[in-house]
Amino acid sequence: MQIILFGSPGVGKGTQAKLLSEQFNIPHISTGDILRKAVQDKTELGLKAAEIMNRGELVPDDIMIGIIKDVLKSERCKNGFILDGFPRTTIQAEALDKLFAELHLNDVLLVHITADEEEIIKRLNGRRACKICGSIFTLSEIEGLGKCPKCGAENSFYLRDDDKEDVIRKRLKVYETNTKPVLGYYESKGKVVTINGLGTIEEVNKELIEVLKGKKVKN
Ligand code: AP5
């Protein structure tokens, strides 16, 4: 099973990818998470990526393509994967196609999750993550909690640097200009399914599972 979860910042890709990863027992590969880990570890990549991410811009294609090649060729991805945050440009999409051909993977499905801009901004303003386990929450889910409900870490919730209003707006612009054209690339191959991301997390998840079952993906 090779799934690409696609959609604008804050539409729910990471939330759904984590659920599907547990439900289908395949890894969730988030390029955003990979970059944030590198930033946290202050690696060479992290130092380079931090400034770009904080401006709401895209990390260069050659760097991202190199990262994805290493991950998808690794043992942990041999039974499939859920890609979240890649590809984000048509150059990345073309490189991914070449990689799939090399790995003899030909059943990729791109699931496009949609939501309106007002809802997206509301979600991103209200997103909190745990700095220990990386779990994502809405403000209402953690209201009054001093500990992360997933890993038990105390006072570990934080607002991502790129979830400030001006950076959110920049990310949305970058999505429209650089990332949305990727949809056309996959549509021309008949490999796109669109899902309404405006329901509750559980409703969106249910619809996603239906879609994946419809593609004869086995659980
Ligand atoms: P990345 O981390 O990929 O950010 P993104 O694509 O902007 O997506 P987000 O993580 O913001 O949103 P999401 O759709 O995962 O939403 P979530 O599930 O968290 O990338 C960050 C940066 O890294 C980029 O800007 C770029 O600089 C760089 N980068 C990464 N990949 C790159 C690449 N390939 N090339 C170049 N640069 C790259 O949900 C959001 C909130 O809403 C949460 O609080 C969640 O709890 C809540 N929520 C989710 N679903 C629902 C629902 N149905 N109802 C109500 N609330 C919900």
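Residues numbered from 1 in each chain as written. Predicted model: local features only at pLDDT ≥ 70, side-chain atom pairs only at ≥ 80, totals over all residues.

Looking up the protein in an unreviewed UniProt entry gives the name Adenylate kinase, with the organism given as Ignavibacterium album. For the record of the protein, the UniProt heading Sequence similarities (unreviewed entry) holds the text "Belongs to the adenylate kinase family." Its UniProt record gives the protein a comment under Catalytic activity (unreviewed entry), which states: "AMP + ATP = 2 ADP". (UniProt positions renumbered as here; feature names shortened; annotations may be inferred.)

A. Examining the overall build of the protein more closely. Secondary structure assignment for the protein yields ten helices and eight strands. Here the protein has a C-alpha radius of gyration of 17 Å; the compact-globule value for 219 residues is 17 Å, and the two agree. For the protein, with 219 residues in total, the buried portion stands at 30%. (Helix = DSSP H or I, 4+ residues; strand = E, 2+ residues; numbered from the N terminus. Rg over C-alpha atoms; globule rule 2.2 N^0.38 Å. Buried ≥ 20, exposed ≤ 12 C-beta atoms within 10 Å, placed from the backbone.)

B. Geometry of the packing of helix H4 (residues 61-72) against helix H5 (residues 90-102). Running from N to C, H4 and H5 point in directions that differ by 25 degrees, and their axes come no closer than 10 Å. Judged on the interaxial angle alone, H5 and H4 are roughly parallel. Here H4 runs over H5; the crossing is right-handed. For the pair H4 and H5, contact is made by Asp61, Met64, Ile65, Ile68, Lys69 and Leu72 and by Ile91, Gln92, Ala95, Leu96 and Leu99, respectively. Counted by class, the contact of H4 with H5 contains eight nonpolar, one polar and two charged residues. (Axes fitted to C-alpha atoms, helices over the stretch in contact; angles between N-to-C directions. Parallel < 35°, antiparallel > 145°, perpendicular 65-115°, else oblique. Left-handed = near helix turned anticlockwise from the far one by under 90°. Contact = placed C-beta atoms within 7 Å. Nonpolar A, V, L, I, M, F, W, Y, C, P; charged D, E, K, R; others polar.)

C. Summary view of the environment of Ile3. Within the element layout of this structure, Ile3 appears in strand S1 (residues 2-6). Expressed as a C-alpha distance, the spacing of Ile3 and Ala115, which sit 112 residues apart in the sequence, is 19 Å. Contacts of Ile3, omitting those with residues within four sequence positions, involve Ile82, Leu83, Leu109 and Val111.

D. Broad picture of the sheet that holds strand S4 (residues 108-114). Across the sheet, which stays open at both edges, the five strands sit in the order S2-S3-S1-S4-S8 with parallel pairing between neighbours. Either end of the sheet is taken by a strand with one partner, and the two such strands are strand S2 (28-30) and strand S8 (192-196). Adjacent strand axes in the sheet meet at a mean angle of 25 degrees, parallel and antiparallel pairs treated alike. Pairing geometry for S2 and strand S3 (residues 81-84), over three bridges, is parallel. Residue pairing across strands places Ile29 opposite Leu83, the latter belonging to S3. (Pairing = 2+ DSSP bridges.)

E. Representation of the site of the ligand. Pro9, Gly12, Gly14, Gly32 and Gly85 are the nearest of the 34 residues found near the ligand. Of all the secondary-structure elements, those providing two or more residues to the shell around the ligand are helix H1 (13-24), helix H2 (31-40), helix H3 (44-54), strand S6 (136-138) and helix H10 (201-214). Of the residues assigned to the shell around the ligand, the class counts are 13 nonpolar, 14 polar and seven charged. (Near = placed C-beta within 6 Å.)

F. Quick look at the UniProt feature "binding site: AMP" (unreviewed entry) in the protein. When the UniProt feature table is mapped to this numbering, "binding site: AMP" (unreviewed entry) covers Thr31, Arg36, Glu57, Leu58, Val59, Gly85, Phe86, Pro87, Arg88, Gln92, Arg160 and Arg171. Judged by maximum C-alpha separation, these annotated positions cover 141 residues in sequence and are scattered in space, the widest gap reaching 24.7 Å. Within the secondary structure, Arg160 sits in the loop between strand S7 (157-158) and helix H8 (165-179). Under the C-beta neighbour-count criterion, Arg160 is labelled partly exposed, with 17 such atoms within 10 Å. When sequence neighbours within four positions are dropped, the list of residues in contact with Arg160 reads Arg127 and Ala129. Within the secondary structure, Arg171 is located in helix H8. Excluding its chain neighbours within four sequence positions, the residues that come into contact with Arg171 are Pro9, Gly56 and Asp162.

G. Main features of the environment of Tyr158. Within the fold, Tyr158 resides in strand S7. Classification of Tyr158 as exposed rests on a count of 12 C-beta atoms within 10 Å. Through-space distance from the C-alpha of Tyr158 to that of Ile3 is 29 Å; in sequence the pair is 155 residues apart. With residues near it in sequence (within four places) discarded, Tyr158 still touches Arg128, Ala129 and Lys131.

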